[in-house]
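The lines below spell out each chain.
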Amino acid sequence: MVTGILSQALSDALTASGIEAPDEIHLERPARREHGDWSSNVAMATAKNAGKNPRELAGEIVAHIEANPPTVVKSVEIAGPGFVNFHLYDTWLHDVLTNAVTQGTDNFGRSETGAGQAVNVEFVSANPNKPLHAGHARGACYGDAIARLLERTGHTVTRETYLNDRGVQMKLFADSLAARKRGEEPPADGYQGEYLIEWAAEMPDDADPAVWGYERALKSHSATLESVGIHFDVWFSEKSMIESGAIDATLTALAERDMTYTNDDALWLKSTEFGDDKDRVLVKGDGDFTYLAPDIAYHRDKFSRSPKLINVFGADHHGYIKRMKAAMAALGQDPDDLEIIITQLVDLERDGKEFRMSGRSGDMVYFDDVIAEVGPDATRFTYLMQSVDSRQTIDLDLLISKAMDNPVYYVQYAHARISNLVRKAGEAGQTRGDKVDLALLTHERELDVLRALSTLPETIERAAAERAPHAITNWTREFAAAFHGFYHDCYVVGDGVSAELTQARLWLVEASRVGLVVGFDLLGLSAPESM
RNA sequence: GCCUCCGUAGCUCAGUCGGAUAGAGCAGGGGACUUCUAAUCCCAAGGUCGCAGGUUCGAUUCCUGCCGGAGGCGCCA
């Protein structure tokens, strides 16, 4: 890696100046081309402790590197307040190309950061009593992208979703469904959504609404998720823990650790001992569990299967974090092994009306509606375009009317052009061979493509570490822009293009394909051969 | 009142492990199709990075306070 060579050179230069080099030397890509290919602030960062002026130290570093230049370094200079800027020979980018082609879509951008680490990612976890709505879609697309990123960085991932298939809300659901079946309105505190009318019509007369309705909801969820290519390894049933005795066993385990007490006939968890704001009730005065008891049992079960848990929850579950971490600590787990990611809520607008994707009201925009209107790729891309730390506003009318302008087509079009190029070249008797002179790739557009390509591995690393798949979305847009520019200005086959240049460009095209496909795979997008 | 997230161009959003002239798409303005798909490309325009302090050689980025928006603070889930 070129960064390794450069940081070694900087480290050696510091040593020569009698300064101990920091463990990690920061190298960055300057925002402006004239500042070179790579830049380091190491002189500014170390000058103070060394009792030197930053520019003076930078001068010493530059002099040392100029006297012993690594082969890729064309020139090195001091700039601004003390940056050390490297200008490299284009070969470093040609090496990026070779690397991408050699590694292919399976291995390019793959890292071993998470090698040997198993991670359980829980997401969606929607109540099995209504169709998934457009708010669930965010967590679904996000959770799946996180799983994909973790896999790319070497982790072994289990995708899991939790089913609240018992308790008060399931009874209300069954009652509401039964009422619809009789042609009546649901109970006032029941489920008002119109989907229940459809479901009731499908339900056989002799069916048990609780059982049949639950199955129907599950079928709805899995069909919706299937249509965007999301699959869970585990659909975990809350009810199964009643049958297995896992909840009672968990309460026993907590009691044995002296983490519970009884007050007002209720069983409490001493969660304040682990940073929670107040103690929490596990078993109510009437003997029923609160939601917390099965949830704790569920997480205990997950920990028995995986050392690291990631939960993706909506913003309305923010208050849940402290208490669940406290509960895990009470069970003797390291709470840091439970990571809870909060995705901010989605606001939807349709016909100038705002929809809130929460609550029991029937007014919903369903996940299926969005997919049906714009297709699975645009759905995924839209949800993965921005950070989950910000609230997302989706204007469905705008999304539909602009469906053809969706940025997903911009990036997919780049892939379609690649497929077309390869086909056209083949028709002209030009296929990519083993003999190639990459030194022919000197056009600024070609180099721009390779510069963009060179950032993919580090972008993946960072996106995975920061749980930020939107960084990949942005990368695909940037890369596609570079590729479209190349496509426009650099013909691969045709008059005036030598066979050798065609060959070199076919290699660049293949490297581009590898990069795009890796990016698409991380986002769960298809890679169309034509559009 | 307490806790979490957000506030960047007309709109939707990136960027921020402190760095050199803050970016993209859309909308609006001007250009480019006799060669691989114009779902493309190029140019111009658009900003007190919510406000005020603090730390720093340097703050949109870190800290504090305030203002504004969203969500959460149950023996609901």
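A. Quick look at the nonpolar core. Membership of the largest hydrophobic core comes to 112 residues, with the highest contact counts inside it found for L10, I61, F86, L88, L97 and L453. The dominant element in this core, judged by the number of residues it contributes, is helix 20 (residues 499–523), at twelve residues. In this structure L10 touches I25, L27, S40, V42, I61, I65, V84 and F86, once residues within four positions along its chain are discounted. Formed by 32 residues, the second largest nonpolar core is a distinct cluster that contains L282, F289, L292 and L338.

B. The sheet that holds strand 8 (residues 260–263), seen in detail. In space, the three strands of this open sheet follow the order 8-9-10, with antiparallel pairing throughout. What marks the edges here is a single partner per strand, and that holds for strand 8 and strand 10 (280–283). Pairs of neighbouring strands in the sheet enclose a mean axial angle of 45°, with direction left out of account. The strands touched by helix 10 (residues 246–256) within the sheet are strand 8, strand 9 (266–269) and strand 10, with strand 10 carrying the most contacts at an inclination of about 130°. Across the sheet, helix 11 (residues 292–305) is in contact with strand 9 and strand 10; its angle to strand 10 comes to roughly 85°.

C. Structural detail: the sheet that holds strand 12 (residues 338–343). Ordered in space as 7-6-5-11-12, the five strands form an open sheet in which the pairing is parallel. Since the sheet does not close on itself, it has two edges, and those belong to strand 7 (234–237) and strand 12, each with one partner. Neighbouring strand axes in the sheet, compared pairwise and without regard to direction, differ in orientation by 25° on average. Bridge count for strand 5 (residues 118–122) against strand 6 (residues 156–163) is five bridges, and the pairing is parallel. Bridging across to strand 6, V121 finds its partner in R159. On top of the sheet, helix 5 (residues 134–152) reaches strand 5, strand 6, strand 11 (309–314) and strand 12; it is set at about 160° to strand 6, its chief contact. Seen against the sheet, helix 12 (residues 320–330) touches strand 11 and strand 12 and runs at an angle of roughly 170° to strand 12.

Analysis parameters
Residues numbered from 1 in each chain as written. Chains lettered and ligands numbered in written order. Predicted model: local features only at pLDDT ≥ 70, side-chain atom pairs only at ≥ 80, totals over all residues. Heavy atoms only, no water. Core = buried A, V, L, I, M, F, W, Y, C linked by side-chain atoms within 4.5 Å. Buried < 20%, exposed > 50% of the residue type's maximum accessible area, 1.4 Å probe, protein only. Helix = DSSP H or I, 4+ residues; strand = E, 2+ residues; numbered from the N terminus. Contact = heavy atoms within 4.5 Å. Pairing = 2+ DSSP bridges. Axes fitted to C-alpha atoms, helices over the stretch in contact; angles between N-to-C directions.

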